[in-house]
Amino acid sequence: MSRGFLRFAFAMLILFAIATCTRAQIVASGYVGFGTAIDGSVGPLNTLGGGMVYNAPSLGGLFDTIGGDVIFFHNLGIGAEVSFRNRGPYAGLTYRPNFYDVNAVYERSIGRFSPEFQGGIGRANINFYYTPQFCATFPQGCQSTTAAASGANYLELHLSGGVGYNVYKSVFIRPQVDIRYVKNMSYFSSPWVPEFSVAIGYTFRRGT
């Protein structure tokens, strides 16, 4: 289990602890989502200075999202979210990108619809791993053909918007668009990383 995921789980525990300690009406939601984050390729790369030039891919593929929020002051609250994907090919290596966010949240219920907006900060984490094909041509050699090769962490700014729809009692579905600005990220062509997803979740309510 990664340290980033543990930090995210700890942030979620803090959110629900705050919700429990407040005396106002509490609306707490947890959700899982599926979608894709996109960014362009930086072009050919001499990966790790190994002397072989590979084509770097664009960011894409299936991303999973886990998140939650607590609304405890009128329509305002706080939330946390993590978005990640399985390993994919990157210029002779494989890579795994992860995005972690902590946000201020505005949510308003209008009948069965619940528009929600989030804004906050977080971290983008990209880890790279050796492959047998890369290690066979890498002059410096590899300690393991599947071990971690390198990694990088970046500060990110996060904005998102979506509209939830209660499909059955407290169960909702929410199409959502996330926009992340990842400062100084060099592995893809733009610091702007949009993500498009659909979340399925459950809302818990506690009165005063």
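Remember, predicted model here, so these are calculated numbers, not experimental data.

Criteria and cut-off values
- Residues numbered from 1 in each chain as written.
- Predicted model: local features only at pLDDT ≥ 70, side-chain atom pairs only at ≥ 80, totals over all residues.
- Heavy atoms only, no water.
- 1 Å grid on protein atoms, 1.4 Å probe; cavity = no way out; pocket = protein on both sides within 12 Å on 5 of 7 lines; lining within 4 Å.
- Points joined across faces, edges and corners; volume = space filled by probe spheres on them.
- Helix = DSSP H or I, 4+ residues; strand = E, 2+ residues; numbered from the N terminus.
- Nonpolar A, V, L, I, M, F, W, Y, C, P; charged D, E, K, R; others polar.
- Patch = residues over 30% accessible without salt bridge, like charges linked within 9 Å, V, L, I, M, F, W, Y side chains within 5 Å.
- Areas by Shrake-Rupley, 256 points an atom, 1.4 Å probe, with all protein chains shown as cover.
- Salt bridge = Lys/Arg side-chain N within 4 Å of Asp/Glu carboxyl O.
- Buried < 20%, exposed > 50% of the residue type's maximum accessible area, 1.4 Å probe, protein only.
- Contact = heavy atoms within 4.5 Å.

Caption draft 1: How the structure looks around empty space enclosed by the protein. The final tally for this structure, using the stated rule, is one cavity of 30 Å³ or more. Counted as a void, the largest cavity has a volume near 110 Å³. Lining the largest cavity, in full, are S29, E107, S109, S114, E116, G164, Y165, N166, F172, R174, T203 and R205. Mapped by element, the contributors of at least two residues to the lining of the largest cavity are β8 (113-129), β9 (148-168), β10 (171-182) and β11 (192-206). Take the lining of the largest cavity: its biggest share by element is three residues, from β9. Looking at the lining of the largest cavity, its residues break down into two nonpolar, six polar and four charged.

Caption draft 2: Examining the layout of surface pockets more closely. Size it by volume and the second largest pocket reaches roughly 220 Å³. Lining the second largest pocket are 12 residues, and of these Q25, V27, I71, H74 and N75 lie nearest its centre. At three residues, the largest contribution of residues to the lining of the second largest pocket is made by strand β4 (residues 63-73).

Caption draft 3: Local environment of a nonpolar patch on the surface. Residues V32, F34, L62, I110, F113, V163, Y165, V167, Y168, I173, V198 and I200 make up a contiguous nonpolar surface patch of roughly 1,100 Å² in combined accessible area. Those elements that provide at least two residues to the nonpolar patch are β1 (26-37), β9 and β11. Here the element with the most residues in the nonpolar patch is β9; it accounts for four residues. Within the secondary structure layout, L62 lies in the loop between β3 (53-55) and β4. Exposure remark for L62: the relative accessible area of 56% places this residue in the exposed category.

Caption draft 4: Seen up close, the environment of F138. Mapped onto the fold, F138 is located in the loop between α2 (132-137) and β9. For F138 and G49, which are 89 residues apart along the polypeptide, the C-alpha to C-alpha distance reads 8.8 Å. Other than its neighbours up to four places away in sequence, F138 contacts L48, G50 and Y130.

These results come straight from atomic positions and should not be treated as a statement about function.
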